[in-house]
Amino acid sequence: MTATPMLVNLSRLHFPVSSLGYGQRVAVWFQGCSLQCPGCVSQDTWEHGLGTMPLEGLVEQIARWSDTADGLTVSGGEPFEQPGALRELLLWWRQQQGGDVLVFSGLSWELLQSTYPDILALIDVLVSDPFEAGAGQTLPLRGSDNQRLHCLTPLGQERYRQIPDERVLDVCLDGDKVWLAGIPRPGDLAKLRSQLQGLGLELSTSDQAGCMP
Ligand code: SF4
């Protein structure tokens, strides 16, 4: 009997991304999030069942960049709502190279620790907890100040213990759309959207003003 291929629901994939972790990274945005944090700016990633593809196909795409990438960032959506695909992806990355793994989740650290210790063991740095629009937004790699950054390995400590708050954004052109990755300051998106509309361009975001950064 042929084994059923592992599937993943994917929103976006990009390389290089410099706004979501150390160095030049492969960034993967899982599709699907049931948490629905008020004020989330990534609502296009909420719906489940979109962007379905074999995990093997995703891995093949990432493999084109893994030799030169400094790390892998996984965000969403909520990555832990696809735990099988997340586990397999991180296992594959660990076998490929030594770049760090950074994962953004809207779930609490306590829940993740009790439910997915095997996946946490594959992660160098985790940002946990749901986006809270009223919590302030002053901390690097976090969309709201209630979110917690956990350095889980020596490499995570080395690269993320002291993070400069540079608020870099990655801007990608895709046809007539501008695609933005990173963690903007409050109000930056509205200003940018307005300026781009004046140029006849539409702004799409995959920033994590919600999950983390
Ligand atoms: S901020 Fe993150 S966890 Fe919260 S609803 Fe948006 S995608 Fe989901």
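For the structure, check the block above.
Residues numbered from 1 in each chain as written. Predicted model: local features only at pLDDT ≥ 70, side-chain atom pairs only at ≥ 80, totals over all residues. Heavy atoms only, no water.

Colleague: How should I be thinking about helix α1 (residues 55–63) in this particular structure?
Modeller: At 3.6 residues per turn, the α-helix brings residues three or four places apart onto the same side. Looking only at α1, the buried set comprises Leu 55, Gly 57, Leu 58, Val 59 and Ile 62. On its buried face, α1 is in contact with β1 (7–17), β2 (25–30), β3 (52–54) and α2 (83–96). (Buried < 20%, exposed > 50% of the residue type's maximum accessible area, 1.4 Å probe, protein only. Helix = DSSP H or I, 4+ residues; strand = E, 2+ residues; numbered from the N terminus. Contact = heavy atoms within 4.5 Å.)

Colleague: I tried to follow the pairing of β1 on my own but got confused; where do I start?
Modeller: Residues in a regular strand project their side chains so that they alternate between the two faces of the sheet. Sheet topology places β1 next to β3; three bridges connect them, and they run antiparallel. Pairing of Leu 7 across the sheet is with Pro 54, part of β3. For β1 and β2, the ladder comprises five bridges, and the chain directions are antiparallel. Bridging from a neighbouring strand, His 14 pairs with Ala 27 of β2. (Pairing = 2+ DSSP bridges.)

Colleague: Is there a simple way to think about the side chain of Arg 142 in this case?
Modeller: Examined against the element boundaries, Arg 142 turns out to sit in the loop between β6 (125–128) and β7 (148–151). Separated by 3.0 Å, the side chain of Arg 142 and the backbone oxygen of Pro 140 make a polar contact. (Polar contact = N/O pair within 3.5 Å; in protein donor to acceptor, adjacent residues only side chain to side chain.)

Colleague: Which parts of the structure should I look at to understand the layout of surface pockets?
Modeller: In this structure, the largest pocket occupies an estimated 330 Å³ of space. Lining the largest pocket are 18 residues, with Ser 18, Gly 21, Ile 163, Pro 164 and Glu 166 sitting closest to its centre. Split by residue class, the lining of the largest pocket holds nine nonpolar, five polar and four charged. (1 Å grid on protein atoms, 1.4 Å probe; cavity = no way out; pocket = protein on both sides within 12 Å on 5 of 7 lines; lining within 4 Å. Points joined across faces, edges and corners; volume = space filled by probe spheres on them. Nonpolar A, V, L, I, M, F, W, Y, C, P; charged D, E, K, R; others polar.)

Colleague: Would you take a moment to explain the nonpolar core for this structure?
Modeller: Judged by nonpolar contacts, the single largest core of 34 residues is most densely connected at Val 26, Leu 58, Phe 80, Leu 89 and Leu 90. If you list the elements that add at least two residues to this core, you get β1, β2, α1, β4 (71–75), α2, β5 (100–104), α3 (109–115) and α4 (117–120). Ranked by residues supplied to this core, first place goes to α2 with six residues. Apart from the residues within four sequence positions on either side, Val 26 is in contact with Leu 13, His 14, Phe 15, Ile 62, Trp 65, Ala 69, Gly 71, Leu 72, Thr 73 and Trp 93. Leu 102, Phe 104, Ala 181 and Ile 183 belong to the second-largest nonpolar core, a separate cluster that totals 12 residues. (Core = buried A, V, L, I, M, F, W, Y, C linked by side-chain atoms within 4.5 Å.)

Colleague: What's the story with the sheet that holds β2 in this structure? I'm lost.
Modeller: Each strand in a sheet pairs with another by means of backbone hydrogen bonds, the pair being arranged parallel or else antiparallel. What the seven strands build is an open sheet, ordered β3-β1-β2-β4-β5-β6-β7; its pairing is mixed. The open sheet has two edge strands with one neighbour each: β3 and β7. Shown here is a sheet whose adjacent strand axes are inclined to one another by a mean of 30°, direction ignored. Relative to β7, β6 runs antiparallel, the two sharing four bridges. Its bridge partner lying in β7, Leu 126 is registered against His 150. Across the sheet, α1 touches β1, β2 and β3, and the angle it forms with β3 is around 75°. α2 contacts β1, β2, β4 and β5 of the sheet and is inclined by roughly 175° relative to β4. (Axes fitted to C-alpha atoms, helices over the stretch in contact; angles between N-to-C directions.)

Colleague: Help me understand α2 in this model?
Modeller: An ideal rise of 1.5 Å per residue puts 20 Å on 14 residues; α2 measures up with 20 Å between its terminal C-alpha atoms. Among all positions of α2, only Ala 85, Leu 86, Leu 89, Leu 90, Trp 92 and Trp 93 are buried. Viewed along the axis of α2, the buried residues span an arc of 160°, placing them on a single side of the element. On the buried face of α2, the contacting elements are β1, β2, α1, β4, β5 and α4. (Expected span 1.5 Å × (residues − 1). Arc of directions from axis to C-beta.)

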